[in-house]
Every structure is written in structure tokens, then in C-alpha cells.
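# Examination of the molecular architecture
This is what each chain is made of:
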Amino acid sequence: MLRRKRASSAASRPWTMGVEFPSLNIRMHEVSKRFGRNWIIKQKSEEYVSGRIYGVRGRNGSGKSTLIRLLAGHLSPSRGNISYTLDDRTLPVDQLYRHLSWIGPYFEIVEELTVYEFLSFHFALKPLLPHLSVSEVVTRIGLEKASGYALTDCSSGMRQRVLLASALYAATPLLLLDEPTVTLDADSAEWFQGELKIYTKDRLTLIASNDERDLIPCDTIDVL
Ligand SMILES: Nc1ncnc2c1ncn2[C@@H]1O[C@H](COP(=O)(O)OP(=O)(O)OP(=O)(O)O)[C@@H](O)[C@H]1O
């Protein structure tokens, strides 16, 4: 999934963190999605390419999370199709999970685990960026003093930082971030914007949010 870069190349492009992500592209072709009688997404065609950040906004219930779930392969289109390529080779949707990091407000986490345990467990399943350790991740999200807290004892903003870490610092070329700054205070949202600048380089990122600040780094913004 991930190739290490040559040292000289890594030095000249420090943002790639010593690794080179494979190019992951997504093509939606006339995709529609309905729940019961309600068509939520109608005949949507879109190309999403590596190295770019896509924003999606829209009123509550407009289909932002549905779009993210479709792109993540967790929902199937009612009509049309979604195809994926990894370094120009077709990637079957059942293999996408290996290359995908995805967070959303509906995510459930094992609340009994401590911050450190949750991140260790997560990064045992999903590779961590090679220049980072779990301890360094805890430091990057500013939770050193809380690393032994059970998630159930963390504030919602602290839990959101942990979830963001699980996506941002995973060595996957695709990042799907649904309402990434929900529950974050202004300082935390600013921290997230800084991390986004560093950790979205060379990846395909999609951000669904109605918070204008979240959409500032996006190359294009789709309104549903
Ligand atoms: N599994 C489901 N079964 C039935 N209806 C669903 C399902 N998932 C979503 N919906 C409906 O699809 C519509 C779009 O929901 P979605 O969560 O994608 O909207 P959203 O734009 O992310 O909303 P919000 O801004 O409130 O998070 C809503 O009317 C919702 O009730």
C-alpha cells in the first residue's frame, strides 16, 4: 500500500513524511441513491483524484454522509456505479478498506479503552505513518496528560481529536472526513487545520461539513 521514499527525495519533500502514497482515484458515474421512496443522491457523476481536497456542504439531510458512505463502499448505489483505481489499476470495492481512513459523528468507539489503548489497537489494524509512534500521536493531539484516561472520561472534543488522529495519521491514500471539527473548540479547530495542511499532501481527501473553516483548504466545493 505504501512505499518508502528515497532519503534525498524525502528530504526535499518533508510533507510526504518519508513515504509516497499510491495514487487513488474515484469515479462516480450517474450515481443515484434512495432510501425507501426518497432519492437522496440523483444522477451524480464526479471524478475524485489523488492530491486534491474536495469539500461537500449542504443543508441537514441533503446527503453529505450518504455520499461519504457511498464513496467508502459502505453503501451501494441504487443506480449507476462507483469505480476505484490504485496506481491506475482497478481496485475492487471490497479491497478499498485497506486504503481508506474514514471518520464521522456516527462512529462508535470502544469507550472503555484509554486514549493510548484505543490508538494502539487502531494502529495495529491500520498502519501508522512510518515516522510516527503511538506516543508521538498522543503528543500531536495534545493529550499526553490524558493518554491513560478511558475514552468515556474524555470530553467530546478530546474524543474527536482521537478520532481525527485515527484517520490523519494512518498510512492510507484516501481520507474521508465527515464533520471533522464537530465538538472542537476554536483552538482545536485551528490545530486540525494545521494538521490538515501537513497530512493531506499526496492523498485524496474529502471533507463534508457546513463549517466554512473546514472547507477553506478545499480545491473544490460541492453543494448538495
Ligand atoms: N439508512 C438509512 N435509511 C433511511 N434513510 C436514511 C438512511 N441514511 C440516511 N437516510 C436519510 O437520507 C437523508 C440524508 O441523510 P445524510 O445523513 O446523508 O444527510 P447529511 O447531509 O449528512 O445530514 P446532516 O447535515 O444532518 O449530517 C436523510 O433524510 C436521512 O434521513
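Given the structure is predicted, the values throughout are model-derived calculations rather than measurements.

Okay, the overall build of the protein chain next. When its secondary structure is counted, the protein chain shows seven helices and eleven strands. For the protein chain, whose C-alpha radius of gyration is 17 Å, the value lies close to the compact-globule estimate of 17 Å for 224 residues. Overall size of the protein chain, expressed as C-alpha extent along the three principal axes, is 50 × 45 × 30 Å. In the protein chain, once contacts between residues fewer than 6 apart in sequence are set aside, the share between residues at least 24 apart is 71%. Surface exposure of the protein chain reaches about 11200 Å², of which carbon and sulfur atoms provide 48%. Charge-centre separation for the protein chain: the mean point of 28 positive side chains lies 6 Å from the mean point of 26 negative side chains.

The subject of this paragraph is the pairing of strand β4 (residues 38-48). Pairing between strand β3 (residues 24-35) and β4: seven bridges, direction antiparallel. Looking at the pairing, K33 lines up with I41 of β4. Where β3 folds back onto β4 in an antiparallel hairpin, the turn is made up of two residues, including G36, whose phi is positive at roughly 60°.

Once that is clear, we can look at the packing of helix α5 (residues 156-168) against helix α6 (residues 186-199). One can describe the packing of α5 onto α6 by two numbers: an axis separation of 12 Å at closest approach and a directional angle of 5°. Taken together, α5 and α6 sit at an angle that is classed as roughly parallel. Residues R161, L164 and L168 of α5 form the contact with α6, whose own contacting residues are S188, W191, F192, E195, L196 and Y199. Partitioned by chemical class, the residues of the contact of α5 with α6 number six nonpolar, one polar and two charged.

Applying the stated criterion across every chain, the model contains six salt bridges. A salt bridge links K44 to D222; the nearest nitrogen and oxygen atoms lie 2.5 Å apart. Of this pair, K44 sits in strand β4 while D222 sits in strand β11 (residues 220-223), and the two are 178 residues apart along the sequence. Note that E195 is salt-bridged to R140, the shortest N-O span being 2.8 Å. Residue E195 is located in helix α6, and its partner R140 is located in helix α4 (residues 134-140); the two are separated by 55 residues in the primary sequence. Note on R140: relative accessible area 32%, which makes it partly exposed. Each of K44, E46 and D222 takes part in a single network of salt bridges with overlapping partners.

Per the UniProt annotation, the sites labelled "domain: ABC transporter" (unreviewed entry) are residues 26-223. In the segment residues 26-223, helix accounts for 29% and strand for 28%; the C-alpha atoms at its two ends are 18 Å apart.

How each quantity is defined
Residues numbered from 1 in each chain as written. Predicted model: local features only at pLDDT ≥ 70, side-chain atom pairs only at ≥ 80, totals over all residues. Heavy atoms only, no water. Helix = DSSP H or I, 4+ residues; strand = E, 2+ residues; numbered from the N terminus. Rg over C-alpha atoms; globule rule 2.2 N^0.38 Å. Contact = heavy atoms within 4.5 Å. Areas by Shrake-Rupley, 256 points an atom, 1.4 Å probe, with all protein chains shown as cover. Lys, Arg positive; Asp, Glu negative; His and termini not counted. Charge placed at Lys NZ, Arg CZ, Asp CG, Glu CD. Pairing = 2+ DSSP bridges. Axes fitted to C-alpha atoms, helices over the stretch in contact; angles between N-to-C directions. Parallel < 35°, antiparallel > 145°, perpendicular 65-115°, else oblique. Nonpolar A, V, L, I, M, F, W, Y, C, P; charged D, E, K, R; others polar. Salt bridge = Lys/Arg side-chain N within 4 Å of Asp/Glu carboxyl O. Buried < 20%, exposed > 50% of the residue type's maximum accessible area, 1.4 Å probe, protein only. UniProt positions renumbered as here; feature names shortened; annotations may be inferred.

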